[in-house]
Amino acid sequence: LAKTTQPISMDSYEGQEVNITCSHNNIATNDYITWYQQFPSQGPRFIIQGYKTKVTNEVASLFIPADRKSSTLSLPRVSLSDTAVYYCLVGPSREYGNKLVFGAGTILRVKS
Amino acid sequence: DAGITQSPRYKITETGRQVTLMCHQTWSHSYMFWYRQDLGHGLRLIYYSAAADITDKGEVPDGYVVSRSKTENFPLTLESATRSQTSVYFCASKAAGQGQIDEQYFGPGTRLTVT
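Here the structure is a predicted model, which is why all the values come from computation and not from measurement.

Participant: It is not clear to me how the environment of Thr-77 of chain B should be interpreted in this structure. Could you clarify?
Facilitator: Residue and element names in this part refer to chain B. Topologically, Thr-77 is positioned in strand 8 (residues 76-78). In sequence terms Thr-77 and Gln-18 are 59 residues apart; their C-alpha atoms lie 7.1 Å from each other. Excluding anything up to four places from it in sequence, Thr-77 contacts Gln-18, Val-19, Thr-20, Gly-63, Tyr-64 and Val-65. A distance of 3.0 Å separates the side chain of Thr-77 from the side chain of Thr-20, its partner in a polar contact.

As structure tokens, this is what we get:
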């Protein structure tokens, strides 16, 4: 299983762009990179998933370099409501999902 | 209502009692999962199911039993509850192999306290 390493916490201010980097040095060829967001007292919510290069949706962008040993979740112009825990997961997309391991995540605090 | 629901949302039980947590989804998703989340930790997979009557162990299955007789339901049973099973339990589901995205949908969680 690919182990992921991400910062324990980050602070930002409203309106800023936030970049959260995740390290996954032993990512396998068939692994995808997925990010989830979790608010207090709620279940996690899918944000974005990618395999290589760049993926963008209405919420975030995901940057994956050519060697795929790291990835960066980019949140544009954060607001107070983006305060949450962000999880980086690495695993094969087509399998049961048992190989998805949620680490401790990154606590993002957005301040006014 | 469509979606994924869990019941009860809160439960207090005593050590040694059997307790069942319910999970129901209306999307007919093939896969369902049970996770537990302890204070200050990420989610840990307990059991998962790829389809009705197909279940398998996750990372922390000891002390738990699951069944899946119907696609939409995935109950989790603690056969003899212990204090170490005090946690927040999340159920999730996902569709099978749809395109590039592999998204799990999580329920609201059940907060279980074992006294």
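On we go from here.
Participant: Hey, could you run me through the sheet that holds strand 5 (residues 53-56) of chain A in this one?
Facilitator: Backbone hydrogen bonds are what pair the strands of a sheet, in a parallel or an antiparallel way. All names here are of chain A. Taken in spatial order, the four strands line up as 2-7-6-5 in an open sheet, and their pairing is antiparallel. A single partner strand is all that each edge strand has here, and the edge strands are strand 2 (18-23) and strand 5. Neighbouring strand axes in the sheet, compared pairwise and without regard to direction, differ in orientation by 15 degrees on average. Here strand 2 pairs with strand 7 (residues 70-75) via six bridges, running antiparallel. Of the residues in strand 7, the one forming a bridge with Asn-19 is Ser-74.

Participant: I'm lost on the pairing of strand 6 (residues 54-57) of chain B in this one. Help?
Facilitator: Each regular strand displays side chains that alternate between the two surfaces of the sheet. Residues and elements named next belong to chain B. Of the pairings in the sheet, the one linking strand 5 (residues 43-51) to strand 6 comprises four bridges and is antiparallel in character. Opposite Tyr-47, over in strand 6, you have Lys-57 as the bridge partner. Between the end of strand 5 and the start of strand 6, which pair antiparallel, lie two residues, with Asp-53 showing a positive phi angle near 70 degrees.

Participant: Explain the sheet that holds strand 3 (residues 31-38) of chain A to me, please; I cannot follow it from the model alone.
Facilitator: Residue and element names in this part refer to chain A. Taken in spatial order, the five strands make up an open sheet running 1-9-8-3-4, and their pairing is mixed. Both edges of this open sheet fall to strand 1 (9-13) and strand 4 (45-50), since each of them pairs with a single strand only. Taken over all neighbouring pairs, the strand axes of this sheet differ in orientation by 25 degrees on average, direction set aside. Here strand 3 pairs with strand 4 via five bridges, running antiparallel. Paired with Trp-35 across the two strands is Ile-48, which belongs to strand 4.

Participant: Got a minute to help me understand unusual backbone geometry in this structure?
Facilitator: A negative phi angle characterises most non-glycine residues, just as the trans form characterises most peptide bonds. Along the chain, Ser-7 of chain B connects to Pro-8 of chain B via a cis peptide bond; the corresponding omega equals -10 degrees. Structurally, the position occupied by Pro-8 of chain B is in the loop between strand 1 (4-7) and strand 2 (10-13). A positive phi angle is found at Ser-41 of chain A, which is not glycine, with a value near 65 degrees. Following the sequence through the fold, Ser-41 of chain A ends up in the loop between strand 3 and strand 4. What makes Ser-41 of chain A exposed here is its relative accessible area of 61%. A positive phi angle, close to 55 degrees, is found at Thr-53 of chain A, a residue other than glycine.

Participant: Is there a simple way to think about the pattern of salt bridges in this case?
Facilitator: Pairing between side chains becomes possible if they bear opposite charge and their charged atoms approach one another. Residue and element names in this part refer to chain A. Summed over the entire model, instances satisfying the criterion amount to five salt bridges over all chains. In this structure, Lys-111 and Asp-11 form a salt bridge, with 3.7 Å as the shortest nitrogen-oxygen distance. In this pair, Lys-111 sits in strand 9 (residues 106-111) while Asp-11 sits in strand 1, placing the two residues 100 residues apart along the sequence. You can call Lys-111 partly exposed: its relative accessible area is 37%. With relative accessibility at 46%, the residue Asp-11 sits in the partly exposed group. Counted as one network, the salt bridges with shared partners bring together Asp-11, Arg-109 and Lys-111.

The rules we used
Residue positions within a chain follow its written sequence, with the count starting from 1. Chain A is the first chain written and ligand 1 is the first ligand written, with later ones labelled in order. Given that the model is predicted, a residue must reach a pLDDT of at least 70 before its local features are reported, and side-chain atom pairs must reach 80 or more before they are shown or counted; all residues, however, enter totals for whole chains, interfaces and linings. Based on all heavy atoms of the structure, the side-chain values leave hydrogens and waters out of the count. Helix numbers and strand numbers start at the N terminus; a helix is a DSSP run of H or I with at least 4 residues, a strand a run of E with at least 2. Note on contacts: a residue pair qualifies if any of its non-hydrogen atoms lie within 4.5 Å across the two residues. For this analysis, a polar contact is any N or O atom pair within 3.5 Å, provided that within protein one partner can donate a hydrogen and the other can accept it, and provided that sequence-adjacent residues contribute only side-chain to side-chain pairs. One bridge is not enough; two strands pair if DSSP finds at least two bridges between them. Fitting a line to C-alpha atoms yields each axis, with helices limited to the stretch in contact; the angle taken between N-to-C directions then spans 0 to 180 degrees. Residue burial is assigned from relative accessible area. The probe radius is 1.4 Å, only protein chains are included, and a residue is buried under 20% of its type maximum, exposed over 50%, and partly exposed in between. Every case where a carboxyl oxygen of Asp or Glu lies within 4 Å of a side-chain nitrogen of Lys or Arg is listed as a salt bridge.

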